[in-house]
Amino acid sequence: MNKKTIVVVGASRGIGASLVKLLARNKENKVVALSRNAAEMQKQFQGIDNVDFFSFDLTNKVYEQATAVFSNLQKIDILINNAGYLVNKPFRQLTEEDLQKSYQVNVFGVIQTVQAAISKMEPIGGHIVNISSMGGFQGTVKFAGLTAYSTSKAALCSFTELFAEEHKDSNIKMNCLCLGAAQTEMLEEAFPGYQAPVSAEKMAEFIADFAEKGHQWINGKIIPISLSTP
Ligand SMILES: NC(=O)c1ccc[n+]([C@@H]2O[C@H](COP(=O)([O-])OP(=O)(O)OC[C@H]3O[C@@H](n4cnc5c(N)ncnc54)[C@H](OP(=O)(O)O)[C@@H]3O)[C@@H](O)[C@H]2O)c1
């Protein structure tokens with residue numbers, strides 16, 4: 001049986017919801033969608049029989065929650081860490097809570113989800129895709145107000161390199177995609193009125209394809225996905 005099990009974290013809206021729907025088009029895939037808002041996932045994925053969804057919160061007992069969800073799965077082939085938390089606030093106004101929450105959702109929660117997932121990727125192997133941001137990619141244009149968000153996304157890039165090094169002799173691969181702007185609720189909430197050149201669905205197309213195939217060629221790479229130059 002070649003059915004792939006694909007876990008998408010941060011699945012109730014935006015790029016994550018599009019990813020789940022796209023990946024579920026292939027009935028050979030079993031897609032597991034994780035987010036806090038189960039009612040929204042129920043709405044989004046109604047009638048798609050190869051999607052299971054579970055309430056999951058990256059701010060609380062992440063390893064325990066992930067282990068409980070993953071214990072129902074025979075294996076995990078692909079894990080997409082897509083959830084993100086963005087606070088847009090001038091540097092001097094950033095609170096400890098802003099910083100803690102940004103790092104908890106964007107970094108610590110991802111690391112603990114991966115710790116819980118990897119035993120389910122053995123011995124077949126798998127691909128872990130971390131969703132970072134162009135703001136966390138060294139040398140790109142930076143935006144005022146994004147210290148908590150972009151530094152945490154940069155840490156996610158660094159985690160990718162470190163994980164890949166430590167697991168280079170295994171068949172579990174990890175890569176990181178640094179997205180440019182895509183039209184989603186997160187973008188609209190952070191930068192009202194800003195028009196992104198790419199829709200959530202279009203961004204999800206690239207991520208889905210990469211998640212399914214990219215690890216055949218690359219591991220531990222941090223890749224900018226943006227129409228901006230350079
Ligand atoms: N849109 C862009 O322009 C852009 C650009 C660069 C990078 N990115 C990155 O791309 C990813 C997707 O972005 P998006 O624009 O689609 O964001 P979004 O519309 O805000 O969706 C984020 C998803 O993450 C989930 N999430 C947030 N906090 C969570 C938590 N504590 N625990 C579990 N899930 C949580 C949300 O679901 P619940 O609320 O149900 O938990 C939601 O499904 C993020 O990592 C973002 O940083 C986006």
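Conventions adopted
- Chains are numbered independently. Their residues run from 1 in the order of the written sequence.
- With pLDDT at 70 or above as the cut-off, local features in this predicted model cover only qualifying residues; side-chain atom pairs require 80 or more to be listed or tallied, and sums for whole chains, interfaces and linings still use all residues.
- Working from all heavy atoms in the structure, the side-chain values ignore hydrogens and water.
- Residues belong to a common nonpolar core when they are buried Ala, Val, Leu, Ile, Met, Phe, Trp, Tyr or Cys residues joined through side-chain atoms within 4.5 Å.
- Burial classes follow relative accessibility: with a 1.4 Å probe on protein chains only, a residue under 20% of its type's maximum area counts as buried, one over 50% as exposed, and anything between as partly exposed.
- The way it works is that DSSP assigns letters per residue, a run of H or I at least four long becomes a helix, a run of E at least two long becomes a strand, and they are numbered from the N terminus.
- What makes two residues a contact is simply this: any of their non-hydrogen atoms within 4.5 Å.
- One heavy atom suffices: a residue is near a molecule or strand as soon as one of its heavy atoms comes within 4 Å of it.
- Between N or O atoms, a polar contact is any pair within 3.5 Å; within protein, one atom must be a potential hydrogen donor and the other a potential acceptor, and residues adjacent in sequence are included only when both atoms are from side chains.
- Per-residue and other accessible areas follow the Shrake-Rupley method at a 1.4 Å probe size, with only the shown protein chains counted as cover for residues.
- For two strands to count as paired, DSSP must find a minimum of two bridges between them.
- Axes here mean lines fitted to C-alpha atoms, for a helix over just the part in contact, with angles spanning 0 to 180 degrees between N-to-C directions.
- For the purposes of this analysis, a disulfide is any pair of cysteine sulfur atoms at a distance within 2.5 Å.
- Within 6.5 Å between ring centres, the rings of Phe, Tyr and Trp (the latter by its six-membered ring) count as paired, and their orientation is classed by plane angle as stacked under 30 degrees, edge-to-face over 60, tilted in between.

Participant: For this particular structure, what's the right way to read the nonpolar core?
Facilitator: Across soluble globular proteins, nonpolar side chains show a tendency to be buried alongside one another. Ranked by size, the top nonpolar core spans 31 residues in total, and within it Val8, Ile15, Leu19, Phe45, Ile80 and Ile207 carry the most contacts. Contributions of two or more residues to this core are made by strand 1 (4-9), helix 1 (14-24), strand 2 (29-35), strand 4 (78-81), strand 5 (126-133), strand 6 (172-179) and helix 7 (200-213). Sort the elements by how many residues they give to this core and helix 7 lands first, with seven residues. Not counting residues within four places of it along the chain, the set of residues in contact with valine 8 comprises Gly16, Leu19, Val20, Leu23, Val31, Val32, Ala33, Leu34 and Ile80. Counting residues in hydrophobic clusters, the runner-up holds 27 residues, among them Phe56, Val114, Ile118 and Met174.

Participant: Quick question: what am I supposed to make of the site of the ligand here?
Facilitator: As a matter of local geometry, the ligand sits amid 30 residues, with Arg36, Asn82, Tyr149, Ala182 and Thr184 nearest to it. Between the ligand and the protein, one listed contact pairs an oxygen atom with a backbone N or O atom of isoleucine 15 at 2.8 Å. Aspartate 57 places a side-chain nitrogen or oxygen 3.2 Å from a nitrogen atom of the ligand. About the coverage of the ligand: the protein hides 95% of its 880 Å² of free accessible area. Taken together, the elements giving at least two residues each to the shell around the ligand come down to helix 1, strand 5, helix 5 (147-166) and helix 6 (185-190).

Participant: I'm lost on the environment of glycine 180 in this one. Help?
Facilitator: For glycine 180, the position within the fold is in the loop between strand 6 and helix 6. The sequence separation of glycine 180 and serine 228 amounts to 48 residues, and the corresponding C-alpha distance is 7.8 Å. Excluding its chain neighbours within four sequence positions, the residues that come into contact with glycine 180 are Met134, Met203, Ile225 and Ser226.

Participant: Would you take a moment to explain the sheet that holds strand 5 for this structure?
Facilitator: Pairing between the strands of a sheet comes from backbone hydrogen bonds, and it takes one of two forms, parallel or antiparallel. Pairing within the open sheet is parallel, and its seven strands lie in the order 3-2-1-4-5-6-7. Bordering the open sheet on either side are strand 3 (51-55) and strand 7 (222-225), each of which pairs with just one other strand. Shown here is a sheet whose adjacent strand axes are inclined to one another by a mean of 20°, direction ignored. The strands that helix 7 touches are strand 1, strand 2, strand 4, strand 5, strand 6 and strand 7; relative to strand 6, the one it contacts most, it runs at about 165°.

Participant: How should I be thinking about the state of the cysteines in this particular structure?
Facilitator: Two cysteines form a disulfide when their sulfur atoms are joined by a covalent bond. Following the criterion strictly, the structure yields zero disulfides and no others. Its sulfur unpaired, cysteine 157 is 3.7 Å from the next cysteine sulfur, which belongs to cysteine 178. Judged by its relative accessible area of 5%, cysteine 157 falls in the buried class. Taking relative accessible area as the criterion, cysteine 178 reaches 0% and is therefore assigned buried.

Participant: Could you clarify how one ought to interpret the packing of aromatic side chains in this entry?
Facilitator: All chains considered together, the criterion is met by four aromatic pairs. With a centroid separation of 6.3 Å and an interplanar angle of 55°, the aromatic rings of phenylalanine 143 and phenylalanine 191 are classed as tilted. With phenylalanine 143 in the loop between strand 5 and helix 5 and phenylalanine 191 in the loop between helix 6 and helix 7, the pair connects residues that are 48 residues apart, well separated along the chain. A residue is classified by how much of its surface remains accessible, and phenylalanine 191, at 24% relative accessible area, is partly exposed. Measuring from centroid to centroid gives 6.3 Å for phenylalanine 206 and phenylalanine 210, while their planes differ by 10°, and the two rings are stacked. Of this pair, phenylalanine 206 and phenylalanine 210 both sit in helix 7, four residues apart, which is roughly one turn of the helix.

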